[in-house]
Amino acid sequence: MDGLVLAEADTRQLALHGIQQGPGWLPESERVLRSIIAAQLKTSWQRVTREARFTEDLGADSLDLLQLVLEIEEELDLEIPDERAENFYCLSDILAFLAEDAYERRFL
């Protein structure tokens, strides 16, 4: 599974921030994001790992990245500030944003 199995602590941390784990070994949010990224960048789902960089590893250009952010906003019904989106280099960056956003919505 190429390092994609979530550690128990990771799963608990995501749950604390309101990101629910779906069936299987990936949280539902990660499963949805991987599907969006794979479709938008026209690559296989398996190539979209937490560490795969959008431009260097998956071949995205700036227009691809803009479209990717717009698709994520639409699919997840949220708004991603431009200054945050500019720092999305891989799936882990988006997951971190979602965890922070869920925390802020819940506690702030």
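Our structure's up above, just so we're on the same page.
Residues numbered from 1 in each chain as written. Predicted model: local features only at pLDDT ≥ 70, side-chain atom pairs only at ≥ 80, totals over all residues. Heavy atoms only, no water.

## Quick notes on the overall build of the protein
Quick reminder of the rule: Secondary structure counts use DSSP, requiring at least four H or I residues in a row for a helix and at least two E residues in a row for a strand, with both numbered from the N terminus. Under the scheme applied here, a residue whose accessible area is under 20% of the maximum for its type counts as buried, over 50% as exposed, and between as partly exposed, the area being computed with a 1.4 Å probe on protein chains only. The criterion used for residue contact is that any of the two residues' heavy atoms lie within 4.5 Å. To be clear on the numbers: accessible area is Shrake-Rupley with a 1.4 Å probe, and residue cover counts the displayed protein chains and nothing else.
Within the protein one finds 5 helices and 0 strands. Starting at the N terminus and ending at the C terminus, the protein contains elements arranged as α-α-α-α-α. For the protein, the residues scored as buried account for 39% of the 108 residues in total. Of the contacts formed within the protein by residues at least 6 apart in sequence, a portion of 47% connects residues at least 24 apart. Element-wise, carbon and sulfur atoms account for 51% of the exposed surface of the protein, whose accessible area totals about 6700 Å².

## Quick look at the packing of aromatic side chains
In this description, an aromatic ring pair is defined by two values, namely the gap between the centres and the angle between the planes. How we decide: Ring pairs shown here join Phe, Tyr and Trp side chains whose ring centres sit within 6.5 Å, with only the six-membered ring taken for Trp; geometry is labelled stacked below 30 degrees between planes, edge-to-face above 60, and tilted in between. Charge-over-ring contacts are defined here by two conditions on Lys NZ or Arg CZ: a distance within 6 Å of the ring centre and an angle within 35 degrees of the ring normal.
For the coordinates displayed, the defined rule picks out 1 aromatic pair. Positioned over the ring face of W45 is R34, at 3.7 Å from the centre of the ring.

## Thoughts on the nonpolar core
Quick note on the threshold: Residue types Ala, Val, Leu, Ile, Met, Phe, Trp, Tyr and Cys, when buried and joined through side-chain atoms within 4.5 Å, form a set referred to as a nonpolar core.
Among the nonpolar cores identified, the biggest contains 22 residues, and I37, F54, I80, F88 and I94 are the most heavily contacted of them. Top element by residues in this core is helix α5 (residues 91-107). It accounts for 5 residues.

## Concerning the pattern of salt bridges
Formally: By definition, a salt bridge exists where a carboxyl oxygen of Asp or Glu is found within 4 Å of a side-chain nitrogen of Lys or Arg.
Taken as a whole and judged by the stated rule, the model has 4 salt bridges. The closest approach of N and O atoms between D57 and R53, which form a salt bridge, is 3.1 Å. Classification of D57 by relative accessible area gives partly exposed; the value is 30%. Its relative accessible area of 38% is what places R53 among the partly exposed residues.

## Some details on a nonpolar patch on the surface
Basically, it comes down to this: Distance thresholds for patches are 9 Å for like charges and 5 Å for nonpolar side chains (Val, Leu, Ile, Met, Phe, Trp, Tyr), applied to residues having over 30% relative accessible area and no salt bridge.
A cluster of nonpolar residues, L63, L66 and L70, forms a patch on the protein surface that exposes about 290 Å² of accessible area. Looking at the secondary structure, you find L63 in helix α3 (residues 62-76).

## Looking at unusual backbone geometry
Phi at K42 is positive, roughly 50°, even though this residue is not glycine. Positive phi, close to 55°, is recorded for D77, a residue that is not glycine. Inspection of the secondary structure assignment puts D77 in the loop between α3 and α4 (82-85).

## A few points about α3
To be explicit about the condition: Given a helix with a known number of residues, its expected span is that number minus one, times 1.5 Å. Note: the arc covers the axis-to-C-beta directions of the helix. Any pair of N or O atoms that falls within 3.5 Å is considered a polar contact. Within protein, one atom must be able to donate a hydrogen and the other to accept it, and sequence-neighbouring residues count only if both atoms are side-chain atoms.
Look at α3: 21 Å from first C-alpha to last across 15 residues, which is about the 21 Å you get at 1.5 Å a residue. Taken together, the buried positions of α3 are occupied by L68, V69, I72 and E73. Down the axis of α3, the buried side of the element spans an arc of 130°, and every buried residue falls inside it. Next to the buried residues of α3 lie α2 (28-40), α4 and α5. Between a side-chain oxygen at the N-terminus of α3 and the backbone nitrogen of L63 the separation is 3.1 Å; the capping residue is D61.

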